[in-house]
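Chain residues, written in single-letter form:
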Amino acid sequence: MFKVDNAVILAAGTSSRFAPLSYEKHKALTVVRGEVLIEREIRQLKEAGINNIFIVTGYKAEQFAYLKSLYGVTLIYNPYFQIRNNNSSIYTAKNIIRNTFICSADNYFSSNPFECEVEEAYYAAVYSQGETDEWCITQKNGYIASVTIGGKDSWYMFGHAFWDGNFSRKFLSILETEYAKQKTYGLLWEHILADHLQELKMKVKGYPEGYIHEFDTLDELRVFDESYICDTKCKILNQIAERMHVSEAEITEVIAVKGSDNLASGFVFTVHGKKYIYKYDTCDFNAACQCHAWREESMLGC
């Protein structure tokens, strides 16, 4: 058994699929059923006796500052969040990763999955009945044997992971070797794991359906928290509803649109069966996400 040293919560990403809520507030700070997502996760870690908690920030980093005094967490800034995937957040936190929980900032756990002692490295997984586009895994003696993106009737990687000291040393050594390569920029840390499974032994820890939740879009969040049906808590959607003389509940199928730089450049939505697109016209991503003004021509019938 390994005594858990700490937890690293990855919160640097832009969560562009969560548009337009993520333009105004970091997705990890979304209130779900009365609790802020990342605060719920921090409390669950502390309830399990894990008090040494690090949050890797990037996009809208300033919004996390209050957590330092409220929960005593340590914030680490990842300056490469816009040009690299989450492998850069792991790299940014490499000096403190040992026997460590690696967590996503936007997961909602129905019950506390954390514990202060863990047997060995594992990745949380849930089972899909039927088709899924998630990261599906095959197992050999309880360990991850292979990973494919998409599959059917399969366990898939979903939620948190635990790295024991041995796994951490091996993974960080591989990352150090691969980090400067251009092909690594766009990779999740899970890509690197999948490419080195012979060296990186990681168990599969299965959880029942409904234990781990993640909300990629407003519509998914509305299914879990019905308070968002009539009140999206989003100034942009509120302005659209007022201009179109509809309720926020009538705005559905909200899907992010990516620009040429692969960052969100707006979103499409549906009102009474007709699709519209909301665009913003600035090359500064952070400024765009903070700008709630929009012009009539920014909303075009499709």
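We now turn to the structure provided with this report. Because the structure is a prediction, the values reported are computed rather than measured.

## Structural notes on the overall build of the protein
Then step 1. Along its length, the protein carries 10 helices and 17 strands.
Then step 2. Against the 2.2 N^0.38 benchmark of 19 Å for 302 residues, the protein shows a C-alpha radius of gyration of 20 Å, consistent with a compact globule.
Then step 3. Over its C-alpha atoms, taken along the principal directions, the protein stretches across nearly 60 × 40 × 40 Å.
Then step 4. When contacts within the protein are restricted to residue pairs at least 6 apart in sequence, long-range pairs at least 24 apart make up 67% of them.
Then step 5. Surface summary for the protein: the accessible area is close to 14000 Å², and the carbon and sulfur share equals 49%.
Then step 6. The centroid of the 31 positive side-chain charges in the protein is displaced by 4 Å from the centroid of its 39 negative side-chain charges.

## Describing unusual backbone geometry
Then step 1. Cis rather than trans, the peptide bond between Ala19 and Pro20 has omega equal to 0°.
Then step 2. Although it is not a glycine, Ser15 adopts a positive phi angle of roughly 50°.
Then step 3. Here Ser15 shows up in the loop between strand E2 (6-11) and helix H1 (21-24).
Then step 4. Of note in the backbone geometry, Lys60 takes a positive phi value of approximately 50° without being a glycine.
Then step 5. Mapped onto the elements, Lys60 comes out in the loop between strand E5 (53-57) and helix H3 (66-71).
Then step 6. Using a relative accessible area of 4% as the deciding quantity, one classes Lys60 as buried.

## Remarks on the pattern of salt bridges
Then step 1. Going through the model one piece at a time under the given rule, you end up with 13 salt bridges.
Then step 2. Its salt-bridge partner being Lys94, residue Glu176 comes within 3.2 Å of it at the nearest N-O pair. Within this pair, whereas Glu176 is found in helix H5 (residues 165-178), its partner Lys94 is found in the loop between helix H4 (87-92) and strand E7 (100-104), the two being separated by 82 residues in sequence.
Then step 3. Taking the relative accessible area as the measure of exposure, Glu176 reaches 42% and is therefore partly exposed.
Then step 4. For Lys94, a relative accessible area of 25% translates into the label partly exposed.
Then step 5. Through salt bridges that share partners, Arg17, Lys27, Asp106 and Asp216 make up one connected network.

## Thoughts on the pairing of strand E6 (residues 74-77)
Then step 1. Pairing geometry for E5 and E6, over 4 bridges, is parallel. Its bridge partner lying in E6, Ile55 is registered against Leu75.
Then step 2. Crossover handedness for the path E5 to H3 to E6: right-handed.

What counts and how
Residues numbered from 1 in each chain as written. Predicted model: local features only at pLDDT ≥ 70, side-chain atom pairs only at ≥ 80, totals over all residues. Heavy atoms only, no water. Helix = DSSP H or I, 4+ residues; strand = E, 2+ residues; numbered from the N terminus. Rg over C-alpha atoms; globule rule 2.2 N^0.38 Å. Contact = heavy atoms within 4.5 Å. Areas by Shrake-Rupley, 256 points an atom, 1.4 Å probe, with all protein chains shown as cover. Lys, Arg positive; Asp, Glu negative; His and termini not counted. Charge placed at Lys NZ, Arg CZ, Asp CG, Glu CD. Buried < 20%, exposed > 50% of the residue type's maximum accessible area, 1.4 Å probe, protein only. Salt bridge = Lys/Arg side-chain N within 4 Å of Asp/Glu carboxyl O. Pairing = 2+ DSSP bridges. Right-handed = clockwise from strand over helix to strand, strands pointing away.

By themselves, these figures tell us nothing about what the structure is for.
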